[in-house]
Amino acid sequence: AQSVTQLDSQVPVFEEAPVELRCNYSSSVSVYLFWYVQYPNQGLQLLLKYLSGSTLVKGINGFEAEFNKSQTSFHLRKPSVHISDTAEYFCAVIRASNTGKLIFGQGTTLQVKP
Amino acid sequence: EAGVTQFPSHSVIEKGQTVTLRCDPISGHDNLYWYRRVMGKEIKFLLHFVKESKQDESGMPNNRFLAERTGGTYSTLKVQPAELEDSGVYFCASSQQGGETQYFGPGTRLLVL
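Read on for a plain summary of the structure. (Residues numbered from 1 in each chain as written. Chains lettered and ligands numbered in written order. Predicted model: local features only at pLDDT ≥ 70, side-chain atom pairs only at ≥ 80, totals over all residues. Heavy atoms only, no water.)

What to know about the interface of chain B and chain A
We count it as follows: We call two residues contacting when some pair of their heavy atoms lies within 4.5 Å. Secondary structure follows DSSP: runs of H or I at least 4 residues long count as helices, runs of E at least 2 residues long count as strands, and numbering of each begins at the N terminus. For this scheme, ten residues count as nonpolar: Ala, Val, Leu, Ile, Met, Phe, Trp, Tyr, Cys and Pro. Four count as charged, namely Asp, Glu, Lys and Arg, and the remainder, Gly too, count as polar.
Contacts between the two partners involve 20 residues from chain B and, on the opposite side, 22 residues from chain A. The set of elements that each furnish at least two residues to the side of chain B that touches chain A consists of strand 4 (31–37) and strand 5 (43–50) of chain B. Ranked by the residues each element gives to the side of chain B that touches chain A, the list is headed by strand 4 of chain B, at 4 residues. In terms of residue class, the side of chain B that touches chain A is built from 7 nonpolar, 8 polar and 5 charged.

Description of the packing of aromatic side chains
Convention followed: A pair of Phe, Tyr and Trp rings is counted when the ring centres sit within 6.5 Å of each other, with Trp represented by its six-membered ring. The angle between the planes then sorts it: under 30 degrees is stacked, over 60 is edge-to-face, the rest tilted. Relative accessibility decides the category of a residue: with a 1.4 Å probe and only protein chains considered, values under 20% of the type maximum give buried, values over 50% give exposed, and everything between is partly exposed. The criterion for a charge sitting over a ring is simple: Lys NZ or Arg CZ within 6 Å of the ring centre, and within 35 degrees of the ring normal.
Taken as a whole and assessed by the stated rule, the structure comprises 13 aromatic pairs over all chains. Ring geometry for Phe104 of chain A versus Phe104 of chain B: centroids 6.0 Å apart, planes at 80°, classification edge-to-face. With Phe104 of chain A in strand 11 (residues 103–104) and Phe104 of chain B in strand 10 (residues 103–104), the pair connects residues from two separate chains. A single burial state applies to Phe104 of chain A and to Phe104 of chain B, both of which are buried. Judged by centre distance (6.4 Å) and plane angle (80°), the ring pair of Phe91 of chain B and Phe104 of chain B falls under edge-to-face. Taken together, the residues span a long stretch of sequence, with Phe91 of chain B in strand 9 (residues 88–95) and Phe104 of chain B in strand 10 at a distance of 13 residues. Both residues of the pair, Phe91 of chain B and Phe104 of chain B, count as buried. Here a set of aromatic residues connected by ring pairs shows up, and it is made of Phe34, Tyr36, Phe90 and Phe104 of chain A together with Tyr33, Tyr35, Phe45, Phe91 and Phe104 of chain B. Geometry around Tyr74 of chain B places Arg22 of chain B over its ring, the cationic atom sitting 3.7 Å from the centre.

Dropping the structure here:
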């Protein structure tokens, strides 16, 4: 079985500051990793994903994440946030080469302050 | 190309009533998933269709929930009778055959009073 832990439920940060949202996972098999974002009053939007290859993946809106197999982590980063990045962010995993269910973390609310 | 759509966007019903949620996946996507987020909790898997067949329904909470995907296109999720603990946001997602990336709809916010 797989599990995902997002270590911070809320992350307040000032505009133009860097941010890191943490995600750790547990799995006995290989997994694919995803970050989704939910803006206020909207659905889930894919931010980025790691399937294989380079451990640093770049997504939309200037976000990137690094897969670290030894630490079983997939932290999300952005060097300079904007007010519009205020949203809830979800880390998720799926068994590699599988079209089955996603396992989600609890979500992290990023609150960008002016 | 249209994304995943869900209807209704919001539903408020009384305990004991029936509610039916609908999901239209991206055209051509064989895989269709239902998830639910209860307030304060993580998003949890309910079930997975491949075309019209239920591939995995291990996340369905109980027999008050019935999902169908007749014809392998849109899907419905019926809750009958609804209970207070069924309140939450119900998400639908779809993916291509063999595709690992799931695309989500906007969700249906269900409130059972």
